[in-house]
Amino acid sequence: MSDESLKARFDAAFSALPLVAILRGLTPAEAEGVAQTLYDSGFRMIEVPLNSPDPFDSIAAVRRLLPRDALVGAGTVLAVEQVARLKEIGADLVVMPHADTAVIRAAKAAGLVSLPGIATPTEAFAALSAGADALKIFPAELVGPRIIKAMRAILPAGTRLLPVGGIAPDTMAPFLEAGVAGFGLGSALYAPGLSAAEVGVRADAFVAAWRRLNPR
């Protein structure tokens with residue numbers, strides 16, 4: 001797949017619903033059920049952190065299951081070698097907790113979407129220079145809306161910022177007022193042991209909150 005076609009898919013997924021589902025602890029046995037529930041709720045970006053049980057198996061299963069308008073990949077990507085494995089199984093997303101420029105460049109060289117984690121302007125500019133497609137603000141509880149607003153004033157126009165960490169349906173508004181483009185959703189959306197139906201209820205609550213805050 002060309003870089004341009006993946007960029008178009010990323011832009012379309014972002015436009016549809018700029019919420020990234022973070023499924024830390026997901027197992028291969030439950031991957032398809034949870035992923036289908038999220039897709040049915042409107043989610044178009046799903047990541048399985050690599051510190052989950054057998055994460056590559058789960059990612060491959062979800063990628064096979066969902067249509068191409070969904071982007072599927074890994075979180076907690078820490079090494080260049082992991083990027084190569086993700087490319088092999090057809091993943092789309094490389095999400096990181098940090099801004100290791102070697103991993104960012106590897107993701108872009110592999111033709112994948114790169115979402116590194118940043119907490120400072122220095123990290124943000126280094127990540128963008130390495131080719132990051134959007135920036136994960138992590139941990140959002142530490143950075144906060146006021147600092148995000150200050151960073152937006154100096155970052156290139158159109159830079160997509162996605163706070164991650166402690167985001168719930170009722171905590172989104174201050175970040176949106178600061179100018180973020182979307183969110184990464186962790187334990188408030190999915191936690192090990194939740195059924196697909198329970199995840200669906202949480203997913204619907206997040207989607208409803210997003211639609212309420214972003215009426216079209």
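Rules behind the numbers
Residues numbered from 1 in each chain as written. Predicted model: local features only at pLDDT ≥ 70, side-chain atom pairs only at ≥ 80, totals over all residues. Heavy atoms only, no water. UniProt positions renumbered as here; feature names shortened; annotations may be inferred. Pairing = 2+ DSSP bridges. Helix = DSSP H or I, 4+ residues; strand = E, 2+ residues; numbered from the N terminus.

Going by what an unreviewed UniProt entry lists, the protein chain is known as 2-dehydro-3-deoxy-6-phosphogalactonate aldolase and is assigned to Azospirillum aestuarii. Its UniProt record gives the protein chain the following Pathway (unreviewed entry) comment, quoted word for word: "Carbohydrate acid metabolism."

S.K.: Even after reading the chapter, I still don't get the sheet that holds strand β6 (residues 117-118), so can you show me in this structure?
M.R.: Strand pairing in a sheet takes place through backbone hydrogen bonds and is either antiparallel or parallel in direction. What the three strands build is an open sheet, ordered β6-β7-β8; its pairing is parallel. Among the strands making up the open sheet, the edge pair consists of β6 and β8 (161-163). As judged from the three bridges shared by strand β7 (residues 135-137) and β8, these two strands associate in the parallel manner. Along β8, the bridge assignment pairs lysine 136 with leucine 162.

S.K.: Got a minute to help me understand unusual backbone geometry in this structure?
M.R.: Note: most peptide bonds trans; most residues except glycine with negative phi. A cis amide bond, omega -5°, links phenylalanine 138 with the succeeding residue proline 139. With respect to the secondary-structure elements, proline 139 resides in the loop between β7 and α7 (140-152). A positive phi angle, close to 45°, is found at aspartate 54, a residue other than glycine. Backbone geometry places threonine 76, a non-glycine residue, at a positive phi of 50°. In this fold, threonine 76 is placed in the loop between β3 (71-75) and α4 (80-88).

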